[in-house]
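Below, each chain spelled out in residue letters.
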Amino acid sequence: MFNFYFDEAFHDQKITNIEGVLNSMTENALDNYIGVFLGLSEELLKDAEIVFLEFEQKYRKVFSIHKDNELKSRQIKIKQYKYGLKSFNNDQFTFYLDYFNLIDKYISKIQIIPISKIEFLIGRFVKYLKIENYLYNKSAFIYSITKFIYTYHTKEIINSLFQIQDINSAENFKKELINLLNIVIAEIRYIKRKQIEVGALSQLKFLLESSYFTNISPVCTLNFSYVPDFEGLSRFLIKLNISKNDVNLLIDEHTQTYNEACRYDFFYVNQMNSKNSIFLRMSDFLAGFIGKMIYGIQNDSSFREEKILNTADIMQNDLATKRILNSNWFSIISNKERCNIYYPLFIDQIIEFESLLEYFSSYSNFDSYNIISSELHSEYCNTTTCEKLEKFYQKLI
């Protein structure tokens, strides 16, 4: 038997819109919801629990956590992730160093679920969209719309996306989307680094112009969907040749997530306050780490595109300059098939995080890493990220 423990980070139970700004786009928020399953065999439970509790007790003292409070990933504030590990103080660095050493020793299965909240909204739009007489890849189509809106979202486009309730409002969103595509294509048409993007956006525009809608069911509230969490875990278990009947699943207390898990044929499913489970708290540490690292990447002023609030910003912003991570990310000091990331569709942010980790691990020792300047590391890591994104997109099409 295997026990899996689930927790999440950047969890917006409802997606809301205030004057063209989604709650997932506000300060300290993230488009990605991060779900994490940690799995281990029942034989290791007792030993792992003892060691994990010792680890926790050590850092409760280090971080001066009151006896009535939990040690959670929120202990390391989001601002400490500005340049990834470089921004950590010594206690924060050693906390995660010790944490990952324990994970490596006791946790045999790790499943990571990143879900784009914009993709969730786009899924409603595409669900009722019909394109006849043309062969196209639906997954690549959803990915392209999601990436476009994530990059160039204006208040107008967010408002119209959020207002889809019937065919007329859906057609209005499509009209706004095509108009925004025309503006962006015109602005980037002669930018060398944007030529592949110009082709992709032109194709997207063509498909949208060839589309129409069937009946649309109105939605009163946009409650988040937890289906990808358990679809992802189910596929991971198939990959590992583990029957769901051999899996006990414990979820950090949340009714909607628990109800969704109960729809699957796991041997045992329960929810629990994380105060009562060190394994749930260990899942939280990883979910928080991944989410905040992605947040740091996405909010690096050297990496992100300039903010867009309306179409005039697109015409005024600097779209030609290549965006790469600040070199501070790389100014640092000195495989079993056990970890899996379930990709829905729009996963650029998690790939950027994954590429950063892979880039660091490509150096066998600190000396070989240190002979390269931080500026070159930033360029090389950007190349790694672009190659991974290209491979992922090729799989879609």
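Here's a quick rundown of the structure. Quantities reported herein were computed from a predicted structural model and do not represent experimental measurements. (Residues numbered from 1 in each chain as written. Predicted model: local features only at pLDDT ≥ 70, side-chain atom pairs only at ≥ 80, totals over all residues. Heavy atoms only, no water.)

### Focus: unusual backbone geometry
Backbone geometry places F10, a non-glycine residue, at a positive phi of 55°. Tracing the chain through its elements places F10 in the loop between strand 1 (2–9) and strand 2 (17–18). We classify F10 as buried; its relative accessible area is 17%. The phi dihedral of N241 is positive, around 60°, even though this residue is not glycine. Summarising the element assignment, N241 is placed in the loop between helix 8 (227–239) and strand 8 (247–252). (Helix = DSSP H or I, 4+ residues; strand = E, 2+ residues; numbered from the N terminus. Buried < 20%, exposed > 50% of the residue type's maximum accessible area, 1.4 Å probe, protein only.)

### Regarding the packing of helix 4 (residues 138–152) against helix 6 (residues 167–188)
Across the interface, helix 4 lies against helix 6 with an axial gap of 12 Å and an inter-helix angle of 70°. It follows that helix 4 is roughly perpendicular to helix 6 by the angle criterion. When you trace helix 4 past helix 6, the crossing you get is left-handed. Here I145, F148, I149 and Y152 of helix 4 lie close against helix 6, whose contacting residues are F173, L177, L180, L181, V184 and I188. A breakdown of the residues in the contact of helix 4 with helix 6 according to their chemical character gives 10 nonpolar, no polar and no charged. (Axes fitted to C-alpha atoms, helices over the stretch in contact; angles between N-to-C directions. Parallel < 35°, antiparallel > 145°, perpendicular 65-115°, else oblique. Left-handed = near helix turned anticlockwise from the far one by under 90°. Contact = heavy atoms within 4.5 Å. Nonpolar A, V, L, I, M, F, W, Y, C, P; charged D, E, K, R; others polar.)

### Notes on the packing of aromatic side chains
Per the stated rule, a full pass over the model turns up 34 aromatic pairs. Both rings, one in F95 and one in F285, keep their centres 5.2 Å apart while their planes meet at 85°; by these two values the pair is edge-to-face. Of the two residues, F95 is situated in helix 2 (residues 90–106) and F285 in helix 10 (residues 278–298); the sequence distance between them amounts to 190 residues. Using a relative accessible area of 0% as the deciding quantity, one classes F285 as buried. Seen in terms of ring centroids, F224 and Y226 are 5.6 Å apart; in terms of plane orientation they differ by 75°. Their pairing is edge-to-face. Residues F224 and Y226 agree in their burial class; the two are buried. These aromatic residues form a ring-pair network of at least three members: F55, Y59, F63, Y81, F88, F95, Y96, Y99, F100, F285 and F289. (Phe/Tyr/Trp six-rings, centres within 6.5 Å; stacked < 30°, edge-to-face > 60°.)

### Some details on helix 12 (residues 348–361)
Relative to the 20 Å expected for 14 residues at 1.5 Å per residue, helix 12 spans 20 Å between its end C-alpha atoms, a close match to the ideal helical length. The buried fraction of helix 12 amounts to 10 of the 14 residues, a majority that puts the element mostly inside the structure. Those residues of helix 12 that fall on the buried side of the exposure criterion are D348, Q349, I350, I351, E352, F353, E354, S355, L356 and Y359. (Expected span 1.5 Å × (residues − 1).)

### Regarding the pattern of salt bridges
Applying the stated criterion to the full structure yields eight salt bridges. Note that E171 is salt-bridged to K174, the shortest N-O span being 3.4 Å. Placement of both E171 and K174 in helix 6 is noted, with a separation of three residues, approximately one turn of the helix. According to the relative accessible area criterion, K174 is buried, its value standing at 7%. Notably, a salt bridge pairs K194 with E197, separated by 3.1 Å at the nearest N-O pair. (Salt bridge = Lys/Arg side-chain N within 4 Å of Asp/Glu carboxyl O.)

### Comments concerning the environment of L22
In this fold, L22 is placed in strand 3 (residues 21–22). With 140 residues separating them along the chain, L22 and F162 place their C-alpha atoms 9.0 Å apart. When near neighbours in sequence (up to four residues on either side) are disregarded, L22 contacts I15, T16, N17, I118, L121, I158 and F162.

### With respect to the environment of S277
Inspection of the secondary structure assignment puts S277 in the loop between strand 9 (268–272) and helix 10. Assessed through its relative accessible area of 7%, S277 is described here as buried. With near-sequence residues (within four places) excluded, S277 lies in contact with Y5, L250 and M272.

### Describing a nonpolar patch on the surface
On the surface, a cluster of nonpolar side chains totalling about 310 Å² of accessible area is made up of M1, F267 and Y268. Along the chain, M1 falls in the segment before strand 1. (Patch = residues over 30% accessible without salt bridge, like charges linked within 9 Å, V, L, I, M, F, W, Y side chains within 5 Å. Areas by Shrake-Rupley, 256 points an atom, 1.4 Å probe, with all protein chains shown as cover.)

### Focus on helix 3 (residues 117–127)
Most of helix 3 sits inside the fold, with eight of its 11 residues counted as buried. Along helix 3, the positions that sit buried rather than exposed are K117, I118, E119, L121, I122, R124, F125 and V126. Backbone nitrogen of I118 and a side-chain oxygen of the N-cap are separated by 3.3 Å at the start of helix 3; the cap is S116. (Polar contact = N/O pair within 3.5 Å; in protein donor to acceptor, adjacent residues only side chain to side chain.)

### Observations concerning the side chain of N17
Secondary-structure assignment places N17 in strand 2. In this structure the side chain of N17 is engaged in a polar contact, spanning 3.0 Å, whose partner is the backbone nitrogen of G20. At 3.1 Å, the side chain of N17 forms a polar contact with the backbone nitrogen of V21. In this structure, N17 is in contact with L22, I158, N159 and F162, ignoring residues within four places of it in sequence.

### A closer look at the nonpolar core
Of all hydrophobic cores here, the largest spans 64 residues; its most connected members are I145, L208 and L249. Ranked by residue count, the leading element in this core is helix 6, at 10 residues. If near-sequence neighbours (up to four positions away) are discounted, L249 is found in contact with F4, F37, F230, L233, A261, F266, Y268, V269 and N270. One finds V36, I278, F289 and Y359 within the second-largest nonpolar core, a separate group that totals 59 residues. (Core = buried A, V, L, I, M, F, W, Y, C linked by side-chain atoms within 4.5 Å.)

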